[in-house]
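# Structural overview
Read off the chains here:
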Amino acid sequence: METIHLKYGEGAVDLPVEGANHIVWLRENPMKEIGDLASEFRRCVTTGVIGSAPLRELVGPEDAVTIVISDMTRFWMRQDLLCSLLVRYLHEEAGLPFKSMVILIALGTHRGNTEDERRKLAGDYAYQHVSKVVDHNCDAADLVHLGTTGLGTEVWVNPLTVGRKVICIGGTVHHVMAGYGGGRKTIVPGIAGRTTIRQNHQRALDPDRPMTDPRVGSGRLPSNPIHEDMEQAAALVGVTFGINVVVNSASRHSGLFCGDFDLAWRESCRYVQQCYGLPIEREGDIVIASCGGFPKDINLYQSTKSIFNAVRAVKPGGTLILLAECREGSGAKDFFDWNGPLREGRLDATLRESFTIGGYIFYAACETIRKARVLLLSQIDPGLVTDMGITAFRDPAKLLATVDFIGKNVYVIPYGGSVMPQLEEDYRRLCGSI
């Protein structure tokens with residue numbers, strides 16, 4: 001018998017597994033940790049730039065600069081440290097007055113931040129020195145219309161990204177809709193209008209069939225309509241410089257990729273795929289996955305990232321066991337509202353009529369769950385996930401009593417939100433498509 005020890009909330013759970021044929025742990029590939037972040041930052045904006053001139057040659061004392069950073073849902077990348085390094089560098093090395101710098105928090109459609117959160121996100125030095133740190137408001141009356149993408153999305157953006165030099169700091173990860181997070185996602189949905197965000201995200205649905213568009217998915221960039229639309233929208237903004245962050249599963253900085261907004265971001269995508277994309281020879285009978293504990297399992301909305309990743313490692317009809325405490329329930333206020341249309345057999349039609357991001361994540365989770373039997377260890381009300389096809393438990397012993405491990409091949413994924421298993425053919429295709 002082997003005992004599987006995995007994070008759950010702010011604690012951990014031990015799961016005894018007896019009689020399995022093989023137990024294989026799927027962890028990220030070895031990742032370096034940046035020891036001296038200040039020195040690495042300086043290298044990456046000077047001699048180590050990717051596809052652009054050094055930062056100090058792109059920004060001068062006469063410029064007005066907007067620094068775009070992510071909100072609290074992305075604080076795992078600790079952009080506060082980088083933001084303060086950037087503000088100091090722009091002032092001391094590029095001669096930019098502090099009064100000419102603004103920090104804009106890319107909220108997309110997320111809730112606004114408190115003043116304490118804005119200080120935390122920007123970092124003390126940056127917060128104290130720049131002219132202001134503000135939240136983006138996707139419903140603001142002063143959004144600026146830049147044009148329309150080739151796919152037909154009307155591009156409305158925050159006015160602080162128009163007529164100013166724009167520098168974006170973003171974290172790169174696999175993303176279930178856009179292929180990869182970061183980069184152009186800092187613009188859409190980050191600092192875009194609600195109409196722009198909705199028009200872009202609706203492209204996740206197949207135009208002809210009641211399903212997700214097969215071109216959309218984690219690691220997929222070529223022909224992905226969401227990615228291509230985001231890319232075209234971001235080009236209308238004309239970002240001056242991009243700073244892309246990759247962290248390891250302990251949320252420590254592992255890679256910085258700085259320079260041209262698109263080229264540097266693509267290098268960060270390659271690194272993410274190299275580190276978190278794990279080739280496997282075959283799918284397993286049973287997969288046991290943890291989101292990685294709090295805050296990654298703070299709610300079901302965040303925990304679906306682990307479902308999307310972990311289900312890739314289980315064979316059709318197999319069993320996925322997910323550990324996700326979900327102390328804050330669903331996480332998206334409309335998430336479980338979609339249970340009604342699901343029960344009535346009109347989920348696809350209703351989502352197309354009234355598209356929301358929470359609704360699509362619910363939709364995509366229901367699609368994904370069909371592949372396997374999904375057992376959830378969670379504090380969430382079991383009745384809320386039954387219609388989705390999930391059987392939830394609060395007692396690990398009762399969950400395990402429903403699972404037969406005898407002779408089974410088992411995968412264990414301790415950080416399900418980060419590690420993305422891929423059959424070898426998929427792995428080679430995704431690596432070659434960035």
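Preceding this section is the structure that the text describes.
Quick look at the structure, then. Please read these numbers as outputs of a predicted model, since none were measured by experiment.

### Observations concerning helix α1 (residues 37-45)
- Restricting attention to buried positions, one finds in α1 the residues Leu-37, Glu-40, Phe-41, Cys-44 and Val-45. The buried residues of α1 occupy an angular sector of 125° when projected down its axis, which confines them to one face.
- The elements touched by buried residues of α1 are α2 (79-92), β12 (241-247) and β13 (253-259).
- Of the residues flanking the start of α1, the one acting as N-cap is Asp-36, its side-chain oxygen 3.3 Å from the backbone nitrogen of Ala-38.

### Brief notes about the layout of surface pockets
- Taken as a whole, the second largest pocket holds about 570 Å³ of empty space.
- Forming the boundary of the second largest pocket are 23 residues, of which Val-216, Arg-220, Phe-308, Arg-312 and Thr-368 lie nearest the centre.
- At the level of secondary structure, the elements contributing two or more residues to the lining of the second largest pocket comprise α11 (357-369), β20 (420-423) and α14 (424-431).
- At 4 residues, the largest contribution of residues to the lining of the second largest pocket is made by α11.

### Regarding the state of the cysteines
- Throughout the structure, instances matching the rule amount to 0 disulfides.
- Unpaired in terms of disulfides, Cys-44 finds its nearest cysteine sulfur in Cys-258, a separation of 4.7 Å.
- On the basis of relative accessibility, which here comes to 1%, the residue Cys-44 falls in the buried class.
- In this model Cys-269 remains outside any disulfide bridge; the closest cysteine sulfur is found in Cys-431, 12 Å from its own.
- The buried category is assigned to Cys-269, whose relative accessible area is 0%.

### Observations regarding the sheet that holds strand β15 (residues 284-290)
- Strand order across the open sheet formed by 6 strands is β3-β19-β15-β16-β17-β18, with parallel pairing between neighbours. A strand with exactly one partner marks an edge of an open sheet, and here the two such strands are β3 (22-25) and β18 (390-393). Taking each pair of neighbouring strands and ignoring which way they run, the sheet shows an average axis angle of 20°.
- The pairing of β15 with strand β19 (residues 409-413) spans 4 bridges and is parallel. When the sheet's bridge partners are listed, Val-287 is paired in β19 with Tyr-411.
- The strands touched by helix α8 (residues 300-310) are β15, β16 (314-323) and β19; relative to β16, the strand with the most contacts, the crossing angle is about 150°.

### Observations regarding the packing of α8 against α11
- In the contact formed by α8 and α11, the axes pass within 10 Å of each other and the chain directions differ by 30°. What the angle tells us is that α8 and α11 run roughly parallel. Note on packing geometry: the crossing formed by α8 with α11 is left-handed. Contact residues: α8 offers Tyr-301, Thr-304, Ile-307 and Phe-308, while α11 offers Ile-357, Gly-358, Ile-361, Ala-364, Ala-365, Thr-368 and Ile-369.
- Per-class residue counts for the contact of α8 with α11 are 8 nonpolar, 3 polar and no charged.

### So, the pattern of salt bridges
- Counted under the stated rule, the structure contains 28 salt bridges.
- For the salt bridge of Asp-63 with Lys-165, the shortest nitrogen-to-oxygen distance reads 3.2 Å. Of this pair, Asp-63 sits in the loop between α1 and β4 (65-70) while Lys-165 is found in strand β9 (residues 165-171), placing the two residues 102 residues apart along the sequence.
- When its relative accessible area of 13% is taken as the criterion, Asp-63 is described as buried.
- Overall, Lys-165 belongs to the partly exposed group, its relative accessible area being 25%.

### Points about the environment of Gly-329
- Mapping Gly-329 onto the fold places it in the loop between β16 and α9 (339-343).
- Sequence separation of Gly-329 and Ile-298 is 31 residues, and the distance between their C-alpha atoms is 7.8 Å.
- Ignoring sequence-local partners within four residues, the contact set of Gly-329 consists of Ile-298, Asn-299, Leu-300 and Ile-380.

### A look at the sheet that holds strand β5 (residues 101-106)
- Strand order in this open sheet of 6 strands is β6-β5-β4-β9-β12-β13, and the pairing throughout is mixed. Looking along the sheet, the strands with just one partner apiece sit at the ends: β6 (132-135) and β13. Across the sheet, the mean angle separating the axes of adjacent strands is 20° when strand polarity is ignored.
- Pairing geometry for β4 and β9, over 4 bridges, is parallel. If you follow Val-65 over to β9, its bridge partner there is Lys-165.
- This element, α1, spans β12 and β13 of the sheet and lies at about 25° to β13.

### Details of the environment of Ser-223
- Tracing the backbone shows Ser-223 in the loop between α5 (194-201) and α6 (225-237).
- For Ser-223, a relative accessible area of 41% translates into the label partly exposed.
- Residues contacting Ser-223, with those up to four places away along its chain left out, are Arg-215 and Glu-228.

### Observations regarding the packing of aromatic side chains
- Under the criterion given, the structure shown has 7 aromatic pairs.
- Each ring, one from Phe-335 and one from Phe-336, has its centre 5.2 Å from the other, and the planes form 85°; the classification is edge-to-face. Take Phe-335 and Phe-336: they sit in the same class, and that class is buried.
- Seen from their ring centres, Phe-335 and Phe-362 are 5.4 Å apart, and the 80° between their planes marks the pair as edge-to-face. You can see Phe-335 sitting in the loop between β16 and α9 and its partner Phe-362 sitting in helix α11, a full 27 residues away along the chain.
- Residue classification places Phe-335 among the buried residues on the basis of a relative accessible area of 0%.
- One Lys or Arg, Arg-88, reaches over the ring of Tyr-125 and ends 4.0 Å from the middle of that ring.

The rules we used
- Going along each chain's sequence as written, the residues are numbered from 1 onward.
- Given that the model is predicted, a residue must reach a pLDDT of at least 70 before its local features are reported, and side-chain atom pairs must reach 80 or more before they are shown or counted; all residues, however, enter totals for whole chains, interfaces and linings.
- The basis for every side-chain value is the complete set of heavy atoms in the structure, and neither hydrogens nor water enter the calculation.
- When accessible area is computed with a 1.4 Å probe and restricted to protein chains, residues below 20% of their type maximum are described as buried, those above 50% as exposed, and intermediate ones as partly exposed.
- Runs of H or I in DSSP of at least four residues are treated as helices and runs of E of at least two as strands, each being numbered from the N terminus.
- This arc corresponds to the set of directions leading from the helix axis out to the C-beta atoms.
- In this description, contact between two residues means that some pair of their heavy atoms is separated by no more than 4.5 Å.
- Each polar contact in these results corresponds to two N or O atoms within 3.5 Å; when the atoms are within protein, one needs to be able to donate a hydrogen and the other to accept it, and residues that are neighboring in sequence are counted only if both atoms are side-chain atoms.
- Only protein atoms enter the 1 Å grid used here, on which a cavity is any set of points holding a 1.4 Å probe that cannot leave and a pocket is any open set flanked by protein within 12 Å on both sides along at least five of seven lines; residues with an atom within 4 Å of a point are listed as lining.
- Grid points are joined across faces, edges and corners, and a volume is the space filled by probe spheres set on the points.
- Any two cysteine sulfur atoms within 2.5 Å of one another count as a disulfide.
- For two strands to count as paired, DSSP must find a minimum of two bridges between them.
- For helices, the fitted line uses only the C-alpha atoms of the stretch in contact; every axis is such a line through C-alpha atoms, and the angle between N-to-C directions lies from 0 to 180 degrees.
- An angle below 35 degrees is treated as roughly parallel, one above 145 as roughly antiparallel, one from 65 to 115 as roughly perpendicular, and anything else as oblique.
- Whether a crossing is left-handed or right-handed is set by the direction in which the near helix is turned from the far one by less than a right angle, anticlockwise for left-handed and clockwise for right-handed.
- Three classes are used, and their members are as follows: Ala, Val, Leu, Ile, Met, Phe, Trp, Tyr, Cys and Pro are nonpolar, Asp, Glu, Lys and Arg are charged, and the others, Gly among them, are polar.
- When a carboxyl oxygen of Asp or Glu lies within 4 Å of a side-chain nitrogen of Lys or Arg, that pair is called a salt bridge.
- Within 6.5 Å between ring centres, the rings of Phe, Tyr and Trp (the latter by its six-membered ring) count as paired, and their orientation is classed by plane angle as stacked under 30 degrees, edge-to-face over 60, tilted in between.
- Look at NZ for Lys and CZ for Arg. If either is within 6 Å of the ring centre and within 35 degrees of the ring normal, a charge sits over the ring.

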